[in-house]
Amino acid sequence: MTILSKLLAVSLVLGIAGCTNATGGFGSGSDGSSNLDAGLVSDQTSPAYFQKAIGDRVLFPVDQATLTDEARTILVAQADWMSLNTDYKAIIEGHADEQGTREYNIGLGARRADAVREFLISRGVAGNRLQVVSYGKERPLEICSEESCYSKNRRSVTVLASNLTG
Amino acid sequence: MMKVLVGILAGLVLMSAQAMAQSGPLRIEITEGVIEPLPFAVPDFVPDGASASEISAQLSRLVASDLSGTGLFREVPASAYISKVTDFSAPVQYADWKAINAQALITGSVKVSGSRLTVQFRIYDVFSGDELGTGLQFVGAPDGWRRMAHKVADVVYSRITGEGSYFDSRVVFVSETGPKNDRHKRLAIMDYDGANVQYLTDSAAIVLAPRFSPTGDRVLYTSYETGFPRIYVLDVGKVERRVLEEQDGTMSFAPRFAPDGRTVVYSLYKGGTTDIYTLDINNGKSKRLTNATSIDTAPSYSPDGKQIVFESDRSGTQQLYIMSASGGEARRISFGQGRYGTPVWSPRGDLIAFTKQSKGRFHIGVMRVDGSEERLLTASFLDEGPTWAPNGRVIMFTRETQGAKGRASLYSVDITGRNLRPVRTPEGASDPAWSPLQK
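This write-up is about the structure you can find in this document.

Definitions and limits used
- Residues numbered from 1 in each chain as written.
- Chains lettered and ligands numbered in written order.
- Predicted model: local features only at pLDDT ≥ 70, side-chain atom pairs only at ≥ 80, totals over all residues.
- Heavy atoms only, no water.
- Buried < 20%, exposed > 50% of the residue type's maximum accessible area, 1.4 Å probe, protein only.
- Helix = DSSP H or I, 4+ residues; strand = E, 2+ residues; numbered from the N terminus.
- Pairing = 2+ DSSP bridges.
- Axes fitted to C-alpha atoms, helices over the stretch in contact; angles between N-to-C directions.
- Parallel < 35°, antiparallel > 145°, perpendicular 65-115°, else oblique.
- Left-handed = near helix turned anticlockwise from the far one by under 90°.
- Contact = heavy atoms within 4.5 Å.
- Nonpolar A, V, L, I, M, F, W, Y, C, P; charged D, E, K, R; others polar.
- Disulfide = S-S within 2.5 Å.
- Salt bridge = Lys/Arg side-chain N within 4 Å of Asp/Glu carboxyl O.
- Core = buried A, V, L, I, M, F, W, Y, C linked by side-chain atoms within 4.5 Å.
- 1 Å grid on protein atoms, 1.4 Å probe; cavity = no way out; pocket = protein on both sides within 12 Å on 5 of 7 lines; lining within 4 Å.
- Points joined across faces, edges and corners; volume = space filled by probe spheres on them.
- Expected span 1.5 Å × (residues − 1).
- Phe/Tyr/Trp six-rings, centres within 6.5 Å; stacked < 30°, edge-to-face > 60°.

**Thoughts on the pairing of strand β10 (residues 184-191) of chain B**
Residues and elements named next belong to chain B. A large share of β10 lies buried, amounting to six of its eight residues. With eight bridges joining them, strand β9 (residues 170-177) and β10 adopt antiparallel strand pairing. Paired with V174 across the two strands is L187, which belongs to β10. Here β9 hands over to β10 after six residues, with G178 in that stretch at a positive phi of 90°. Pairing geometry for β10 and strand β11 (residues 198-199), over two bridges, is antiparallel. Opposite I189, over in β11, you have Q198 as the bridge partner.

Right, dumping it as structure tokens:
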């Protein structure tokens with residue numbers, strides 16, 4: 001049998017991919033630290049005092065953005081501190097535990113961060129000093145798959161940044 | 001760069017059209033759920049010259065592995081063969097293949113001349129003693145032999161099932177390293193079977209949920225490069241990216257292309273709520289489609305571009321809704337027990353794939369567009385994020401294991417719930433998105 005071939009000339013192009021360099025990202029993550037010099041906990045005007053003595057984070061119930069009484073107590077103190085220390089602004093990070101789909105958890109983290117932001121504003125902090133970001137379930141603090149870990153991961157963290165460096 | 005030229009063997013195109021029209025009794029009906037896979041034989045394609053023998057063997061094995069991997073076909077091992085195929089043009093000894101119950105026989109030849117690889121093949125319906133369709137020829141570069149094998153397997157699959165195929169396709173995904181509390185993520189792209197992995201970003205910033213354009217040349221994804229989630233579009237060939245949405249005080253995520261390839265639907269968090277918007281990537285014009293205090297996210301277009309399926313917790317829990325592509329009233333389609341998220345419209349238009357959370361377990365499932373005939377295909381500690389094979393018959397998704405050492409990896413399953421298989425990746429992997437069939 002003779003084989004004749006008729007080319008239909010269907011062609012395609014395969015891309016050759018290399019690596020690109022992403023530009024450096026914002027330096028925060030799950031630990032609530034930023035590039036700021038935290039200072040000493042004993043100094044009531046220091047970010048270290050805000051983080052450790054007041055508490056930079058509050059925890060949330062499962063699939064909720066409701067502020068508990070405990071959370072409100074911490075946030076009142078955060079708001080008071082920010083009202084006194086006007087050289088600082090803050091990014092409020094919202095986080096979720098791993099029991100949820102990725103996109104929904106970004107929405108849930110945003111809702112939590114927003115609840116904190118609204119509360120701080122209601123206590124007198126200017127809205128333009130407060131930004132929100134949601135990490136969804138991308139940045140857990142604790143890594144076990146049990147409620148003891150989940151309860152710590154369902155959090156918001158108020159991360160201070162200097163007002164002066166833009 | 002690689003080119004593959006497709007040709008029809010055996011002369012007259014007219015004859016081939018007739019041969020294609022009568023598909024004969026060799027047939028698999030995928031929708032019925034195949035319990036007994038169809039036995040086939042792929043003797044190593046006949047090498048034309050010694051230099052072709054290695055590629056020939058590899059290529060033939062890959063054709064067999066594509067077909068067997070579907071769960072619809074079962075390879076009859078070479079050790080059972082009675083006939084040897086040493087001449088691609090010689091008549092087939094049907095009795096010898098019948099005797100070992102090979103219902104389909106695929107023979108071929110492989111020739112390497114310089115930088116040119118030529119693959120010819122034919123498919124036989126052994127029990128009717130006939131060729132199934134006409135022979136074909138692919139021409140390309142020798143390093144493109146994997147794609148040629150996938151193309152051969154695509155033809156075999158399509159001729160026997162009467163359905164579109166998916167082997168010559170790619171998957172873009174998030175490659176993951178590190179423990180849960182220090183995970184590094186970067187975008188990667190690979191062949192559907194896990195071969196030829198290339199990285200498209202580094203892991204300096206979190207990247208999430210890449211999605212192909214309708215032609216497979218661009219990828220939308222979410223990155224935290226600026227410190228906030230923003231949607232980007234990446235040219236796969238040039239590996240160049242640009243941000244699409246950049247408003248202070250907002251976050252954008254969950255992007256997906258419309259079938260027109262220029263409209264992007266996505267979630268935007270702004271002013272305290274997460275709603276669904278569209279953006280024309282050519283002129284930058286955006287439009288708000290939902291306006292509620294609920295979390296409205298994970299939008300996905302119908303193949304005709306007229307409707308959008310998405311998830312919302314407006315009823316109190318995550319459920320699936322369908323609205324017009326221009327927004328307006330949405331109708332709920334999920335009513336079962338539990339939470340439903342990440343809906344994805346099948347490329348065939350008939351089904352919606354989703355993630356379901358119920359009683360502490362996660363499932364990948366499918367339902368009809370009206371919400372009927374819900375079928376759960378998987379169950380585990382954490383399954384999520386389905387993506388459709390180009391033929392709408394197979395779904396790939398992320399499975400994450402439990403506990404401190406939990407790791408994400410990719411799996412595929414067919415829409416009957418059969419043939420659950422891991423997809424091999426060099427590192428942990430999540431958020432797969434299947435490309436259209438390559439041209």
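Here the narrative resumes, following the displayed structure.
**Re the packing of helix α2 (residues 69-84) of chain A against helix α3 (residues 102-122) of chain A**
Residue and element names in this part refer to chain A. At their nearest, the axes of α2 and α3 sit 9 Å apart, and the two run at 55° to each other. Between α2 and α3, the angle falls in the class oblique. Crossing angle aside, the handedness with which α2 passes α3 is right-handed. Of α3, the residues touching α2 (which contributes R72, L75, V76, Q78 and A79) are V116, F119 and L120. Looking at the contact of α2 with α3 residue by residue, the classes come out as six nonpolar, one polar and one charged.

**A few points about the state of the cysteines**
Residue and element names in this part refer to chain A. Going through the model one piece at a time under the given rule, you end up with one disulfide over all chains. One disulfide bridge connects C144 with C149, the sulfur atoms lying 2.0 Å from each other. Between C144 and C149 the disulfide shows an S-S torsion of about 120°. By sign, it is right-handed. Here C144 matches C149 in class, with each residue buried.

**Thoughts on the sheet that holds strand β2 (residues 57-59) of chain A**
All names here are of chain A. Strand order across the open sheet formed by four strands is β2-β5-β3-β4, with mixed pairing between neighbours. Two strands in the sheet have a free side with no partner beyond their single neighbour: β2 and β4 (130-136). Here the average twist between neighbouring strands, direction ignored, is 20°. The sheet contacts of α2 involve β2, β3 (88-95), β4 and β5 (155-162), and relative to β2 the element is tilted by about 160°.

**Remarks on the pattern of salt bridges**
Counted under the stated rule, the structure contains 32 salt bridges over all chains. We note a salt bridge from A:R154 to A:E147, for which the minimum N-O separation is 2.6 Å. B:K151 is the salt-bridge partner of B:D168, the closest N and O atoms lying 3.1 Å from each other. Of this pair, B:D168 sits in the loop between α4 (145-161) and β9 while B:K151 sits in helix α4; the two residues are 17 residues apart in sequence, bridging distant segments of the chain.

**Regarding the nonpolar core**
In terms of nonpolar packing, the biggest core is built from 49 residues, with B:F45, B:L67, B:F73 and B:I160 touching the most fellow members. Per-element accounting of this core gives the leading share, nine residues, to α4(B). With residues near it in sequence (within four places) discarded, B:F45 still touches B:S56, B:L59, B:S60, B:I106, B:T107, B:G108, B:S109, B:V110, B:V119, B:Q120, B:F121 and B:V152. Among the nonpolar cores identified, the runner-up in size contains 36 residues, and A:I54, A:L75, A:A90 and B:A209 belong to it.

**Thoughts on empty space enclosed by the protein**
This model, assessed by the stated rule, comprises seven cavities of 30 Å³ or more. Considered as a void within the structure, the largest cavity measures approximately 260 Å³ in volume. Lining the largest cavity are 21 residues, and of these A:K137, A:P140, B:K180, B:R183 and B:E400 lie nearest its centre. Taken together, the residues of the lining of the largest cavity break down into seven nonpolar, one polar and 13 charged. Within this model, the second largest cavity holds a volume of roughly 100 Å³. Lining the second largest cavity are A:E103, B:R211, B:A254, B:P255, B:R256, B:A298, B:P299, B:T342, B:P343, B:V344, B:G385 and B:P386. Split into classes, the residues belonging to the lining of the second largest cavity amount to seven nonpolar, two polar and three charged.

**Thoughts on the packing of helix α1 (residues 47-55) of chain A against α2(A)**
Residues and elements named next belong to chain A. Here α1 crosses α2 at 160°, and the two axes come no closer than 10 Å. Compared by their axis directions, α1 and α2 come out roughly antiparallel. For the pair α1 and α2, the sense of crossing is right-handed. Residue-level contacts link P47, Y49, F50, I54 and G55 of α1 to I74, A77, Q78, W81 and M82 of α2. Looking at the contact of α1 with α2 residue by residue, the class counts come to eight nonpolar, two polar and no charged.

**Here we look at α3(A)**
Under the 1.5 Å per step criterion, the end-to-end length of α3(A) is 30 Å for 21 residues, consistent within 8% with the ideal 30 Å. For α3(A), the buried fraction is high: 16 of the 21 residues fall into the buried class.

**Concerning the sheet that holds strand β19 (residues 286-288) of chain B**
Within the open sheet, the four strands sit side by side as β16-β17-β18-β19 (chain B). Their pairing is antiparallel. Of all strands in the sheet, those with a lone pairing partner are β16 (251-257) and β19 of chain B, marking the two edges. Geometrically, the sheet is characterised by an average inter-axis angle of 30° between neighbouring strands, direction not taken into account. In the sheet, β16(B) pairs with strand β17 (residues 263-270) of chain B via five bridges, with the strands oriented antiparallel. Its bridge partner being in β17(B), B:F253 is matched across the sheet by B:S267. Relative to the sheet, α3(A) contacts β16, β17 and β18 (273-280) of chain B, its axis offset from that of β16(B) by approximately 160°.

**Here we look at the layout of surface pockets**
Residues and elements named next belong to chain B. Taken as a whole, the largest pocket holds about 580 Å³ of empty space. Looking at the largest pocket, it is lined by 24 residues, and the ones nearest its centre are F212, P214, W345, P347 and W434. Of the residues belonging to the lining of the largest pocket, the class tally is 16 nonpolar, six polar and two charged.

**Some words on helix α2 (residues 53-69) of chain B**
Spanning 17 residues, α2(B) covers 24 Å between terminal C-alpha atoms, matching the ideal 24 Å at 1.5 Å per step. At the C-terminal side of α2(B), B:G71 shows a positive phi close to 80°.

**Some points on the packing of aromatic side chains**
Residue and element names in this part refer to chain B. If you walk through the whole model with that rule in mind, you get 20 aromatic pairs over all chains. For the ring pair Y166 and W434, a centre distance of 5.6 Å and an interplane angle of 85° mean the geometry is edge-to-face. A residue pair is termed long-range when its members are at least 10 positions apart, and Y166 in the loop between α4 and β9 and W434 in strand β32 (residues 428-434) qualify at 268 residues. Take Y166 and W434: they sit in the same class, and that class is buried.

Read these as layout, nothing more, since geometry by itself doesn't imply function.
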